[in-house]
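# Summary of the model geometry
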Amino acid sequence: MSNKMWGGRFAGGPAKIMEEINASIDFDRKLAAQDIAGSKAHVAMLAATGIVAEPDAAAIEKGLDEVGAEIETGGFAFSRALEDIHMNIEARLAELVGPAAGRLHTARSRNDQVALDLKLWVRDALDMLDQQIAGLQQALAERALEHAGSVMPGFTHLQSAQPVTFGHHLLAYVEMLARDRGRVADARKRLNECPLGAAALAGTSFPIDREMTAKALGFDRPTANSLDSVADRDFALEALAAAAICATHLSRFAEEIVLWTTPQFGFVKLSDAFSTGSSIMPQKRNPDAAELARGKTGRIFGALIGLLTVMKGLPLAYAKDMQEDKEGVFDALQTLSLVVAAMTGMTRDMAPDAKRMKAAAGAGYATATDLADWLVRRLNVPFREAHHITGRIVAAAAARGCSLEKLPLAEMQAVEPRIDQEVFSVLGADRSVRSRTSYGGAAPANVRRQARLWLKRLGVTRR
């Protein structure tokens, strides 16, 4: 038997394997709320333009509300034979309101319908992500303010480079997340055009009002080209690209949490809420939440590459390949939401060990640059020469097995006779950090100022 929703042209039904590969209801049921919202806006417009009689439109709207309630309460029977969420809803609507349900699909196609539904879903997901990322920024900024003066090593090549503060380090992620939110906002702005009314690919001969449906669904305007309306998935790709970059930032932070919680670093501790144990080693405390956040990044990358691959060779307009646009989008954006929540929880949960971080900040001759800068300022030595002098003094300290601030003045003077006692004023990690007063630098006063500024931007009222 052919499909009752579209099978007039066909004498027989599809093969079992065809039904299996063609069905999308197992995953596109996530679009139920968006599909019903789009259908209600569409039928309201059909009634307003006189295309569908008011009594039929009212019956359809009432029936759609009933279908939505059934789905929400778990009482809806989904059918794989009906392929997708659109046909499932329409078939149930016909059972509830009779022949009037058949008027709902006037002047639209599944092509513009699915483009609309996915846009609405992505838009909702982006709005939620923006709120979540802002929450993570707040958590980071609050911890940064708390630890504006907690000295820690700054790294390049994962080697001690110069002292910074824990607060300064956390604010780096606030800046990254701000760019992520900017990308989310840009993606949302660009997607906010309504494809409904483009029909299959060429528009419709019915006198529809696309401005009306666009406004009803919260779009800025209708899409301007019917071919592009049904063929476009840029909005999904852009959302995935923004998600992938954000996931990269979160993965870097997760990696640092993994390192910081090792006994070798010992910079922070996570509570039982974000740690797990080992089935064989009783002493283990594993930062599994951070590791999973790091690992799930691959799923988000995969979704982006997958959809790019689907779209790269498609001629206009719609092709069934585009059914593969949904699972990756659903999974990636929901995965990112979960990762943001986990990273927010760990940010609030972690307990920094300020003493351990400060001790590490002075290791590895991290104040060598401060010494070179002092030589430039105090002795008017060209920086490149100061760099060489400092390197020789570091070598002398390494040979003695002591830090720069513990190296006797006489040994420094053996390298550069003009060095005097004042040099020790720049060699401690605390003094080094306090000196970094340039805009964006690591000085605690800078960190406090920036943390408070971010909290104000985020709408956080502080006493």
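Use the structure listed above.
These lines cover the structure that appears in this document, whether it is placed above or below. Because the structure is a prediction, the values reported are computed rather than measured.

Let us now look at the packing of aromatic side chains. Where two aromatic rings form a pair, the distance of their centres and the angle of their planes describe that pair. Applying the stated criterion across every chain yields a total of 7 aromatic pairs. Here Phe253 and Trp260 contribute two aromatic rings whose centre-to-centre distance is 6.4 Å and whose plane-to-plane angle is 75°, an arrangement assigned as edge-to-face. The exposure classification of Phe253 matches that of Trp260, with both residues buried. One aromatic cluster is present, formed by Phe166, Tyr173, Phe253 and Trp260 through successive ring pairs. Here Arg457 stacks its cationic end above the ring of Trp454, 4.4 Å away from the centre of that ring.

This model, assessed by the stated rule, comprises 27 salt bridges. Measuring nitrogen to oxygen at the nearest pair gives 3.2 Å for the salt bridge that ties Arg378 to Glu422. With Arg378 in helix H14 (residues 368-379) and Glu422 in the loop between helix H16 (409-415) and helix H17 (429-434), the pair connects residues that are 44 residues apart, well separated along the chain. A relative accessible area of 40% means that Arg378 is categorised as partly exposed. Looking at Glu422, the relative accessible area reads 39%, which means it is partly exposed. Residues Arg400 and Glu411 are paired through a salt bridge, measuring 2.4 Å at the closest nitrogen-oxygen approach. Placement of Arg400 in helix H15 (residues 383-400) and of Glu411 in helix H16 is noted, with a sequence separation of 11 residues between them. On the accessibility criterion, Glu411 (25% relative accessible area) is partly exposed. Ionic contacts of the salt-bridge type, sharing partners, join the residues Glu70, Arg92 and Glu95 into one network.

The subject of this paragraph is the pairing of strand E2 (residues 159-165). With 6 bridges joining them, strand E1 (residues 151-156) and E2 adopt antiparallel strand pairing. Bridging from a neighbouring strand, Pro153 pairs with Pro163 of E2.

Nonpolar side chains tend toward joint burial in soluble globular proteins. The biggest cluster of nonpolar side chains holds 96 residues, and the ones touching the most others in it are Val122, Leu250, Phe253, Leu333, Leu336 and Met343. At 15 residues, the largest contribution of residues to this core is made by helix H10 (residues 234-260). When sequence neighbours within four positions are dropped, the list of residues in contact with Met343 reads Leu136, Leu250, Phe253, Ala254, Ile257 and Ala293. In terms of nonpolar packing, the next biggest core, distinct from the first, is built from 24 residues, Leu375, Val381, Cys402 and Leu427 among them.

Turning our eyes to something else, we now look at H10. Taking 1.5 Å as the rise per residue, H10 with 27 residues should run 39 Å; its terminal C-alpha atoms sit 39 Å apart, in good agreement. The element H10 is largely enclosed, with a buried count of 19 among its 27 residues.

Here the focus is the packing of H14 against H15. Two elements in contact, H14 and H15, have axes separated by 8 Å at closest approach and are oriented at 135°. Taken together, the axes of H14 and H15 are oblique relative to one another. Once H14 is placed against H15, the crossing between them reads as right-handed. For the pair H14 and H15, the contacting residues are Ala368, Leu371, Ala372, Asp373, Leu375 and Val376 in the first and Phe383, Ala386, Ile389, Thr390, Ile393 and Val394 in the second. Among the residues forming the contact of H14 with H15, the class breakdown is 10 nonpolar, 1 polar and 1 charged.

The next point concerns helix H6 (residues 110-146). Here H6 is 37 residues long and its end C-alpha atoms lie 54 Å apart, about the 54 Å a rise of 1.5 Å per residue gives. Most of H6 sits out of view: 27 of its 37 residues are buried. At the N-terminal end of H6, a side-chain oxygen is found 2.9 Å from the backbone nitrogen of Asn111, two or three residues along, and the residue is Ser109.

Among the surface-exposed residues, Ile17, Met18 and Ile21 lie close enough to one another that they form a single nonpolar patch of about 350 Å² accessible area. Residue position: Ile17 is located in helix H1 (residues 16-22). When its relative accessible area of 64% is taken as the criterion, Ile17 is described as exposed.

Reading the values: rules and limits
Residues numbered from 1 in each chain as written. Predicted model: local features only at pLDDT ≥ 70, side-chain atom pairs only at ≥ 80, totals over all residues. Heavy atoms only, no water. Phe/Tyr/Trp six-rings, centres within 6.5 Å; stacked < 30°, edge-to-face > 60°. Buried < 20%, exposed > 50% of the residue type's maximum accessible area, 1.4 Å probe, protein only. Lys NZ or Arg CZ within 6 Å of the ring centre and 35° of its normal. Salt bridge = Lys/Arg side-chain N within 4 Å of Asp/Glu carboxyl O. Helix = DSSP H or I, 4+ residues; strand = E, 2+ residues; numbered from the N terminus. Pairing = 2+ DSSP bridges. Core = buried A, V, L, I, M, F, W, Y, C linked by side-chain atoms within 4.5 Å. Contact = heavy atoms within 4.5 Å. Expected span 1.5 Å × (residues − 1). Axes fitted to C-alpha atoms, helices over the stretch in contact; angles between N-to-C directions. Parallel < 35°, antiparallel > 145°, perpendicular 65-115°, else oblique. Left-handed = near helix turned anticlockwise from the far one by under 90°. Nonpolar A, V, L, I, M, F, W, Y, C, P; charged D, E, K, R; others polar. Polar contact = N/O pair within 3.5 Å; in protein donor to acceptor, adjacent residues only side chain to side chain. Patch = residues over 30% accessible without salt bridge, like charges linked within 9 Å, V, L, I, M, F, W, Y side chains within 5 Å. Areas by Shrake-Rupley, 256 points an atom, 1.4 Å probe, with all protein chains shown as cover.

Geometric descriptors of this kind do not, in isolation, establish any biological role.
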